[in-house]
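Geometric and topological summary
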Amino acid sequence: MGKLYVFGYNGFGQLRPDRSDNFLVHPVELEATEPDGDGDALVAMVTASWSSAAIFAGKTVIMTQGFLNAESHQFRKFETAAVRSSVWTADGLVVVREGGECVQVDPCTGQQLGRWNGPDGAKFTDVVCGESTILALTDTGDVTMLGDVQSINPTPLPVHVGENVKAVCCGKEHSLALTVSGRVFSWGNGSRGQLGHGTTEACNTPQVIEALEGVTMVTIAAGGWHSVSVSACGDLYVWGWNEAGQLGLPTSKHKTGPSDGCTTCTDKEPSVSDMAQQGDNVAEVLVQATPTIVDLPTGQELSKISCGSRHTAALTKEGQLLTWGWGAYGQLGNGQTERCEVPCTVEFFKQRRVTDVWCGPWNVFVQVDK
Amino acid sequence: MTTGLPKELQGVVPGCKKALHLETLDKSKLGAPFFFVLAQSAERLFQGRFQESLGFATNVLDFCWEKLNTGHWKDVDICWREVFTFGSLFKAICQYGMRDRFNTMDAIKTCDLGLLMGAPVLDNILTRLVAVLQNSARGTTKRPQEQCSTPAVASQVPKRPRTLILPVIDSERKVPRVHCPSLKSFLLNYMRKRQPVIIQSNMEHWPARNHRPWSLDYLRQIAGCRTVPVELGRRYTEETWSQALMTVDEFIDKYIVQKSADVGYLAQHQLFDQIPELREDIRVPDYCCLGDGDEDDIVINAWFGPKGTVSPLHHDPQHNLLAQVVGSKYLRLYAEEVSDCVYPHEGHLLNNTSQVDVENPDLQQFPRFNSAPYLECTLEPGEMLYIPPRYWHYVRSLDVSFSVSFWWS
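Only a predicted model underlies this, so the values are computations on that prediction, with no experimental measurement involved.

Moving on, we get to the state of the cysteines. With the rule as written, the count across this model stands at zero disulfides over all chains. Residue C170(A) stays outside any disulfide, its sulfur separated by 6.8 Å from that of C129(A), the closest cysteine. Here C170(A) falls in the buried class, since its relative accessible area comes to 11%. Sulfur of C111(B): no disulfide; nearest cysteine sulfur belongs to C225(B) and is 10 Å away. Taking relative accessible area as the criterion, C111(B) reaches 0% and is therefore assigned buried.

Let us look at the interface of chain B and chain A. In this assembly, 17 residues from chain B lie in contact with 21 residues from chain A. Together chain B and chain A conceal approximately 1700 Å² of surface at their shared face, both sides included; 58% is due to carbon and sulfur atoms. Three residues, N59(B), W65(B) and E66(B), lead the burial of chain B against chain A; their summed loss comes to 29% of the area buried on that side. For the pair chain B and chain A, the number of links is two salt bridges.

On to the packing of aromatic side chains. Scanning the entire structure with this criterion turns up 41 aromatic pairs over all chains. Ring plane angle 45 degrees and centroid distance 6.1 Å describe the contact between F86(B) and F90(B), whose orientation is recorded as tilted. Within this pair, F86(B) and its partner F90(B) are both found in helix 4 (residues 78-97), separated by four residues, close to a single helical turn. Using a relative accessible area of 3% as the deciding quantity, one classes F86(B) as buried. Relative accessible area serves as the criterion here: at 0%, F90(B) is assigned to the buried category. Within the aromatic cluster, the residues linked to one another by ring pairs are Y9(A), F12(A), F23(A), W50(A), F67(A), W326(A), Y329(A), W362(A), F34(B), F36(B), F63(B) and W80(B). The aromatic ring of W65(B) is capped on one face by R310(A), whose charged end is 4.1 Å from the ring centroid. One cation-aromatic arrangement involves R99(B) over Y96(B); the distance from NZ or CZ to the ring centre is 3.8 Å.

To continue, consider the pairing of strand 19 (residues 217-222) of chain A. In the case of a regular strand, side chains alternate between the two sheet surfaces. All names here are of chain A. With five of its six residues buried, strand 19 lies for the most part within the structure. The pairing of strand 19 with strand 20 (residues 226-231) spans five bridges and is classified as antiparallel. Paired with T219 across the bridge in strand 20 is V230.

Let us now look at the sheet that holds strand 25 (residues 321-325) of chain A. Residue and element names in this part refer to chain A. An order of 23-24-25-26 is seen for the four strands of this open sheet, with the pairing classed as antiparallel. Each end of this open sheet is capped by a strand with a single partner; those strands are strand 23 (302-307) and strand 26 (340-345). Here the strands of the sheet are splayed against their neighbours by 15 degrees on average, with no regard to which way each runs. In this structure, strand 25 lies alongside strand 26, joined through three bridges in antiparallel fashion. Paired with G325 across the bridge in strand 26 is C340.

Mapped onto this numbering, the UniProt entry annotates "domain: JmjC" (unreviewed entry) at residues 273-409 of chain B. Here residues 273-409 of chain B runs as 4% helix and 36% strand, with 19 Å between its end C-alpha atoms.

Scoring rules and cut-offs
Counting restarts for each chain: residues are numbered from 1 in the order of the written sequence. By the order in which they are written, chains take letters starting at A while ligands take numbers starting at 1. Reporting of local features is limited, given that this is a predicted model, to residues whose pLDDT is at least 70; pairs of side-chain atoms are given and counted only at 80 or more, and all residues count toward the totals for whole chains, interfaces and linings. The side-chain values count all of the structure's non-hydrogen atoms but skip hydrogen atoms and water molecules. The term disulfide is used for any two cysteine sulfur atoms that are within 2.5 Å. Classification of residues uses two cut-offs on accessible area relative to the type maximum, computed with a 1.4 Å probe and protein chains only: under 20% is buried, over 50% is exposed, and between them is partly exposed. The criterion used for residue contact is that any of the two residues' heavy atoms lie within 4.5 Å. Buried area: the accessible surface (1.4 Å probe) lost by two parts on joining, summed over both. Salt bridge, as used here, is a side-chain nitrogen of Lys or Arg placed within 4 Å of a carboxyl oxygen of Asp or Glu. Two rings from Phe, Tyr or Trp (for Trp, the six-membered ring) form a pair when their centres are within 6.5 Å of each other. A pair whose planes differ by under 30 degrees is stacked, one over 60 is edge-to-face, and the rest are tilted. The helix and strand labels rest on DSSP assignments: H or I over at least four residues marks a helix, E over at least two residues marks a strand, and numbering proceeds from the N terminus. Both a distance and an angle decide whether a charge sits over a ring: NZ of Lys or CZ of Arg must be within 6 Å of the ring centre and within 35 degrees of the ring normal. The pairing criterion is simple: DSSP has to find at least two bridges between the two strands. Fitted lines through C-alpha atoms serve as axes, helices being fitted only where they are in contact, and the angles separating the N-to-C directions of these axes extend from 0 to 180 degrees. UniProt positions are given in the numbering used here, feature names are shortened, and annotations may be inferred rather than shown by experiment.

Here it is in structure tokens:
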């Protein structure tokens, strides 16, 4: 049993079609406008674009909200064959079914519009999307490119990683792959250090991130221009652009007072922003081209991470939610619109147990135990 | 007939949403959701619903900002820069219309960001809007430095004897000086021969050197509240180099008047497109009409900074006339033929830049550098230096300096 909370950008009603607020700074419940028996169904996953959201209740019920059919503040609910992965592309909604087919569906009705064939008949397991690339993962651990969003190219192009891949994700201009052995590969544009190879050079083919060799990673996530991973020991690694503090590293050299830092943190452990406020000259980081570890308040361990365009959310094993980075649309869920450059526990969920989190570009969806 | 817009703006801003001609924008590139938000902002604007319009305009600007930061700047479709301008236009009008919450300076800053990052629309409407806003601001607000609570900051360069320690220029390596050559003489003796030369007495008619002499006070008066890009850090080849946006007042206060440990340089900025009033104070040299290029393609850049700004040794693809308006600069020049003695960086991004620190060369790393012939000079106010295409040049300001460069083909 679960309950979904939402906060952040709502300009198209993609969080709450019944509300005209441009954004929500405090978490609110997601309300299906057609309440029925499965209002308490566990949400299997959420996938959100800039202007819409698709909430998968169970695996066969999809609720879509936001800009649909050329209109804003829409809501649809329909049933479909079981879905295991999904992503919004410029053209619409792409899903991977439990049976392993990857198809494009109409986000208002679920009607199938197009289909990709797996390479050599292989089944798909996952689909992800960047600004102009759609990547899919097969059950043989292969990564394929489903072509760019402008055309449904029915034949996917293989992307050579050289090892069995268990997860892929995309930022706006880069991609990450996590292998079964726990290594991380990256490719694409690197101008903000998001590839983690120590430079700002682009890389056309997947290269292993040398700095992470020797550490086993268990999960990865990509934001607009940043990358995040968690190791088997529970350490958080970050790299890429830190212009809004989305890496959890300091953004300004000279801190002059509390209003510059995160004012909503009540976590007691000393944090990097605390140090800066005491007048220390902490070096700012704008681009982190090599992965670095970020300490979490109170030394918690992470179970899941998710990134928006310029913010990051993380779920701890104890069921707490941490957010940091850009907050102008309330996407940090702390009632403020300031950026936060340190991972902070979201107050609203302190008395609850968070079980899952998914980020849209400028918002966050949180599942909580009832 | 506009019902919503503040009356001072009605001369500059179109009267209705239709007059914006948003339908001429490429919806297939912008996407239906984005276009929807843009249209919503426009609609509410003309209804006088500024708060709502501002919300949507902010969405537009934030979405555009992400597009402008995706991929290489030069590859970003111009439509994103155009809609960034529209977003800035709507936001500035809303801020001006909500003067209980925002002040005119906020609206001016919004226009400036639109001018800096956007592409002109509606016959360069932001330039016209900012002029109206500046007039409105001047009528009612004090000049910013009068509100400054730290009285120690002076508004002009403190009076002191000119004790500049000028570099000793080797007479064998002096850049030649010539007094206002004819167009023909300049073309044949200098452009065609790729010969650097300092042209004297060619700026006497510039208002900036004449009846509207540029001083810190004058610049504050004309452009103090305007937001400009400033380069921070000793030189662009170093890791600590970055860019920041600030008003001209802030730049002068922090980096010119105060003895800041950090160097700030208003460098390579097309200030005269942004602030047409300053454009009136300079004159494009006639020599820029020589060559293949179009007069309209002449690029004019401002270079304004304190003593000690450095441009590392580099070359540019076009002809350059560097006009010194205020203050002096030391320059050293190396011909293209000795490029292998100046050790250009590898990689296509920096291969027009030398690895060598000209005034403190590491001769172990760069042994051939000292054997390369060069020319040098101190460029004084009222002089302009001709730098041929692909001619290496190194620049250091000897005092508070304002130069204007003209690039042409």
